[in-house]
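Residue-level structure breakdown
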Amino acid sequence: MQLQMVGCSHHTAAVEVRERLAFSPTQIGLALERFRTQFPRAEAVLLSTCNRVEVYTAAESAAEAPNHQQVAKFLADFHGLDFSAVFNDLQEHSHRDAVRHLFTVAASLDSMVLGEPQIVAQVKQAYQLAQDYHSAGPLTNHIFQTAFRVAKRVAHETTINERRISIPSVAVADFAKCIFEQFEDKNVLVIGAGDMGEETLRYLQAEGAWNITVTNRSFDRAEELGKRLGARVANWDQLDALLVAADMVVTTTGATQPIVTLEQFLAIETRRDQRPLFVLDLAIPRDFDPAIGERSGVFLYSIDDLQTVCARNRRQRDKELPAALIIIDEETDRFMSAQHHRSTNPVIQRLRGNWQDVREQELKRLFNKLPNLGEAEREEVRQSFERYGNKLLHLPLESLRDESRHGTPHGLIEALKRLFQLKD
């Protein structure tokens, strides 16, 4: 099996690159359909979050799988980008490295905030979308289902997820509190009805915020979130007025272009009477034009601005990493061993099949010459032939299994095919 991951994350690419490569759920569906057309014999799962864009591919053979450059070009072409402008930002993992990387991502060991709870749900959603659009299959099913089990094991066997520190908690505790001493008198605007915005608002409510308004392009979704938070709901066409009234904005939409441009903000800026505005832009692509952050009294933070604080929190949790990484390595070795053993199954089946054909021919010839044998004697002869064949095949098959523990034994497989004249 050919496994590969091509993509970028907050470790390897700046937010400007990630937002150009990011996919909305609708775009993911279109991309997966296009991928199936372009690479019909390969499976694919596309993971797109605020911190990473990764394509996982799997195929039975190298000839059926897209290579690193083809996947990178696929990503660039989908977004209408120059291939050479993004290629260096896209890392590639293959085979064991790809498996280990997915397990590490799903277990939240590669996240900006170590142990953050959202990522495994995002990985599950990405896999579900791949199933919905028929780009997943038995190969990706095996690796992703194993990844979910590994994430669960890390959560249960280590304390990596205890006292969870998420991006929203960092945003409130380490950023918003630097601007506002209290939140009871602040007018908070939530733009978008996603999980990240909801979690941020819950932290703000815990700090005393109560004057909260939610707006979203889909009013029904805004209304649903407003009910859960006990917040007011406003129509999308009121956005300018809401921005004028806001002291703090949390924005997490899935828009592909900024929802607030510099020109829009300048048009309402004078109506704010020089009041400070704190904007937490957790969207990828960003919802607010970065130039707005240069305006006087505007404190605009994007997802990457949280990275320094998150890195500090990560260092505090690094003591939890060794135990978690031991689990990742154990599970990666187990998965790869199973895959290598799987590659020997066709040869083993053909060897056994050939032996069974020969055994049945010889038994038939023998029973024809000994027509007076009773059924009990015939069964004893059959069992003797069976034991004899198993003993003959035991050593070559045992060698094949031993070699498969260290990788796919291509040389031994080919030798057995030639020695026993096994046909594909």
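Since the model is a prediction, treat every value here as computed from it, not as a measurement.

A few points about the overall build of the protein
For the protein, the count of helices and strands is 16 helices and 10 strands. Counting across all 424 residues of the protein, residues that qualify as buried make up 50%. Partitioning the intrachain contacts of the protein with sequence separation of at least 6 by distance along the chain shows that 73% fall at a separation of at least 24. Roughly 20900 Å² of accessible area belongs to the protein as shown, and the carbon and sulfur atoms make up 49% of that amount.

Concerning the environment of Phe 144
Relative to the helices and strands, Phe 144 is located in helix 7 (residues 138-157). For Phe 144, a relative accessible area of 2% corresponds to the buried category. Taking the C-alpha atoms as reference points, Phe 144 and Tyr 56, 88 residues apart in sequence, are found 9.9 Å from one another. Residues contacting Phe 144, with those up to four places away along its chain left out, are Val 45, Tyr 56, Leu 102, Val 123 and Tyr 127.

A few points about the layout of surface pockets
Remark: the empty space left among the atoms is shown by a probe the size of a water molecule rolled over them. By volume, the largest pocket amounts to about 1300 Å³. Along its surface, the largest pocket is lined by 45 residues, and Pro 25, Gly 194, Thr 252, Thr 253 and Gly 254 are the ones closest to its centre. Listed by contribution, the elements that provide at least two residues to the lining of the largest pocket are helix 1 (15-21), helix 2 (25-38), strand 2 (43-48), helix 6 (118-132), helix 9 (195-206) and helix 10 (219-229). If you tally residues by element for the lining of the largest pocket, the top one is helix 6, at 6 residues. A per-class count over the lining of the largest pocket returns 20 nonpolar, 17 polar and 8 charged.

As for the packing of aromatic side chains
Throughout the structure, instances matching the rule amount to 13 aromatic pairs. One Lys or Arg, Lys 124, reaches over the ring of Phe 148 and ends 5.7 Å from the middle of that ring. Across from the ring centre of Phe 367, 4.6 Å away, lies the NZ or CZ of Arg 378, which sits over that ring.

Considerations on the side chain of Asp 287
Along the chain, Asp 287 turns up in the loop between strand 9 (277-281) and strand 10 (298-302). It is Arg 217 that comes nearest to the buried, bridge-free Asp 287 among opposite-charge side chains, at 7.5 Å. Among the polar contacts listed, one links the side chain of Asp 287 to the side chain of Thr 251, at a separation of 2.5 Å. At a separation of 2.7 Å, a polar atom in the side chain of Asp 287 contacts the side chain of Thr 253. Apart from residues lying up to four places away in sequence, Asp 287 is in contact with Thr 251, Thr 252, Thr 253, Ala 255, Pro 258, Ile 259, Val 260 and Asp 281.

Observations concerning empty space enclosed by the protein
With the rule as written, the count across this model stands at 3 cavities of 30 Å³ or more. Of the pockets and cavities examined, the largest cavity occupies roughly 110 Å³. As for the largest cavity, its lining consists of 14 residues, of which Cys 50, Asn 51, Glu 116, Gln 122 and Ile 167 are closest to the centre. Among the elements that take part in the lining of the largest cavity, helix 6 stands out by supplying 3 residues, more than any other. Split by residue class, the lining of the largest cavity holds 6 nonpolar, 6 polar and 2 charged. Lining the second largest cavity, in full, are Leu 3, Gln 4, Tyr 56, Thr 57, Ala 98, Val 99, Thr 140, Ile 143 and Phe 144. Looking at the lining of the second largest cavity, the elements with two or more residues in it are strand 1 (2-9), strand 3 (52-59), helix 5 (96-106) and helix 7.

Some thoughts on the sheet that holds strand 1
Here 4 strands make up an open sheet; going across it, the order is 2-3-1-4 and the pairing antiparallel. Unpaired on one side and paired on the other, strand 2 and strand 4 (91-94) mark the two borders of the sheet. Pairs of neighbouring strands in the sheet enclose a mean axial angle of 15 degrees, with direction left out of account. Two strands pair when backbone bridges link them, and strand 1 and strand 4 are joined in this way by 4 bridges, in the antiparallel orientation. Note on strand 4: the bridge partner recorded for Gly 7 is Gln 91. Where helix 3 (residues 68-78) meets the sheet, its contacts fall on strand 1, strand 3 and strand 4, and the angle it forms with strand 1 comes to roughly 45 degrees. Each of strand 1, strand 2 and strand 3 touches helix 7; the most contacted strand, strand 2, lies at about 45 degrees to it.

Considerations on the packing of helix 5 against helix 7
The contact between helix 5 and helix 7 brings their axes to 8 Å, and the two run at 45 degrees. Judged by the angle between their axes, helix 5 and helix 7 are oblique. Considering only the axes of helix 5 and helix 7, their crossing is right-handed. On the side of helix 5, the interface is formed by Val 99, Leu 102, Phe 103 and Ala 106, while helix 7 contributes Ile 143, Phe 144, Thr 146, Ala 147, Val 150 and Ala 151. A per-class count over the contact of helix 5 with helix 7 returns 9 nonpolar, 1 polar and no charged.

What to know about the confidence of the model for the protein
When pLDDT is averaged along the protein, the result is 86, and 90% of the positions lie at 70 or above. Within the protein, no element has a lower average pLDDT than helix 16 (residues 410-419), which sits at 65, and none a higher one than strand 2, at 96.

A look at the pattern of salt bridges
A full pass over the atoms with the stated rule returns 24 salt bridges. Here Arg 286 and Glu 16 are joined by a salt bridge, their closest N and O atoms 3.9 Å apart. Of this pair, Arg 286 sits in the loop between strand 9 and strand 10 while Glu 16 sits in helix 1, and the two are 270 residues apart along the sequence. A residue is classified by how much of its surface remains accessible, and Glu 16, at 41% relative accessible area, is partly exposed. Note that Arg 387 and Glu 380 form a salt bridge whose closest N and O atoms lie 3.7 Å from each other. One salt-bridge network, in which partners are shared between bridges, spans Arg 149, Arg 153, Glu 157, Glu 330, Glu 331 and Arg 334.

Scoring rules and cut-offs
Residues numbered from 1 in each chain as written. Predicted model: local features only at pLDDT ≥ 70, side-chain atom pairs only at ≥ 80, totals over all residues. Heavy atoms only, no water. Helix = DSSP H or I, 4+ residues; strand = E, 2+ residues; numbered from the N terminus. Buried < 20%, exposed > 50% of the residue type's maximum accessible area, 1.4 Å probe, protein only. Contact = heavy atoms within 4.5 Å. Areas by Shrake-Rupley, 256 points an atom, 1.4 Å probe, with all protein chains shown as cover. 1 Å grid on protein atoms, 1.4 Å probe; cavity = no way out; pocket = protein on both sides within 12 Å on 5 of 7 lines; lining within 4 Å. Points joined across faces, edges and corners; volume = space filled by probe spheres on them. Nonpolar A, V, L, I, M, F, W, Y, C, P; charged D, E, K, R; others polar. Phe/Tyr/Trp six-rings, centres within 6.5 Å; stacked < 30°, edge-to-face > 60°. Lys NZ or Arg CZ within 6 Å of the ring centre and 35° of its normal. Lys, Arg positive; Asp, Glu negative; His and termini not counted. Salt bridge = Lys/Arg side-chain N within 4 Å of Asp/Glu carboxyl O. Polar contact = N/O pair within 3.5 Å; in protein donor to acceptor, adjacent residues only side chain to side chain. Pairing = 2+ DSSP bridges. Axes fitted to C-alpha atoms, helices over the stretch in contact; angles between N-to-C directions. Parallel < 35°, antiparallel > 145°, perpendicular 65-115°, else oblique. Left-handed = near helix turned anticlockwise from the far one by under 90°. pLDDT = per-residue confidence, 0-100.

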